[in-house]
Amino acid sequence: MKKVTVLALMTAILFISVNAEEKKVEVQKGIKMPYMAFPMKQGKGMYSTKGKCNMCHSWGYVLNQGAQSKKFWRKKVIKMITVFQAPIKNKDIDEVVEYLYANYGNGKEN
Ligand code: HEC
């Protein structure tokens with residue numbers, strides 16, 4: 001009698017776990033990520049900046065900051081290089097900062 005109960009219990013557990021596994025697969029198949037486009041303002045240095053800043057995250061990260069000073073943008077570009085190892089050469093920093101400030105600046109140097 002006891003053996004039958006244990007067997008029934010084990011069968012039930014097996015059935016539940018197999019069922020859970022199937023459901024997990026179903027959910028994973030259904031996920032579709034929406035594509036969000038964040039257009040960049042046209043201007044001198046846009047293509048260079050696009051290539052350097054959009055490889056790890058979207059342009060939305062930049063837009064989220066709002067209008068900022070030149071010093072702010074310089075610090076951000078340097079942070080990306082030193083903290084996150086963005087492959088931006090020293091000679092190209094000025095061009096990117098100029099583009100950011102000209103198009104997303106608040107008119108203040110500091
Ligand atoms: C090597 C990858 C990489 C590149 C290239 C890169 N970033 Fe980032 N950036 C990051 C990571 C990682 C974060 C932090 C993400 C988070 O916290 O969710 C970030 C965050 C940001 C933020 C949000 C504020 C902050 O301080 O965290 C801004 C603004 C930003 N990046 C601007 C830029 C700009 C401008 C460029 C081009 C000069 C750039 N990023 C290039 C990796 C990169």
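Check the entry above for the structure.
Cut-offs and rules
Residues numbered from 1 in each chain as written. Predicted model: local features only at pLDDT ≥ 70, side-chain atom pairs only at ≥ 80, totals over all residues. Helix = DSSP H or I, 4+ residues; strand = E, 2+ residues; numbered from the N terminus. Buried ≥ 20, exposed ≤ 12 C-beta atoms within 10 Å, placed from the backbone. Axes fitted to C-alpha atoms, helices over the stretch in contact; angles between N-to-C directions. Parallel < 35°, antiparallel > 145°, perpendicular 65-115°, else oblique. Contact = placed C-beta atoms within 7 Å. Nonpolar A, V, L, I, M, F, W, Y, C, P; charged D, E, K, R; others polar. Core = buried A, V, L, I, M, F, W, Y, C linked by C-beta atoms within 7 Å. Near = placed C-beta within 6 Å.

Chemist: Let's hear about the overall build of the protein chain: which residues, and what values?
Modeler: Looking only at helices and strands, one finds five helices and zero strands in the protein chain. Going from N to C terminus, the protein chain has its helices and strands arranged as α-α-α-α-α. A buried classification covers 11% of the 110 residues belonging to the protein chain.

Chemist: Talk me through the packing of helix 2 (residues 46–53) against helix 5 (residues 90–104); I want residue IDs and the actual numbers.
Modeler: Packing of helix 2 against helix 5 leaves a shortest axis separation of 9 Å and a crossing angle of 105°. The orientation of helix 2 with respect to helix 5, classified from their angle, is roughly perpendicular. Of helix 5, the residues touching helix 2 (which contributes M46, S48, T49 and K52) are D92, E95, V96, Y99 and L100. Of the residues contributing to the contact of helix 2 with helix 5, the split by class is four nonpolar, two polar and three charged.

Chemist: Please give an account of the nonpolar core that cites residues and values.
Modeler: Counting residues in each nonpolar core, the largest one holds eight residues, listed as F72, W73, V77, V96, V97, Y99, L100 and Y101. Contributions of two or more residues to this core are made by helix 4 (70–82) and helix 5. If one sorts the elements of this core by residue count, helix 5 sits on top with five residues. If near-sequence neighbours (up to four positions away) are discounted, V77 is found in contact with I88, I93, V96 and V97.

Chemist: Explain unusual backbone geometry to me, using residue names and the numbers behind them.
Modeler: If you check the backbone angles, Q85 has positive phi at about 60° while not being a glycine. Within the element layout of this structure, Q85 appears in the loop between helix 4 and helix 5.

Chemist: Explain the environment of I93 to me, and be specific about the residues and the numbers.
Modeler: Within the secondary structure layout, I93 lies in helix 5. The spacing of I93 and I81 is 12 residues in sequence and 9.7 Å in space, taken between C-alpha atoms. When residues no more than four places from it in sequence are discounted, the contact partners of I93 are V77 and I88.

Chemist: Describe the site of the ligand, and please don't skip the residues or the numbers.
Modeler: Among the 17 residues in the neighbourhood of the ligand, the closest are listed as C53, C56, M80, F84 and A86. Among the elements that make up the shell around the ligand, the one with the highest residue count is helix 4 (four residues). Here the shell around the ligand is composed, by residue class, of 11 nonpolar, three polar and three charged.

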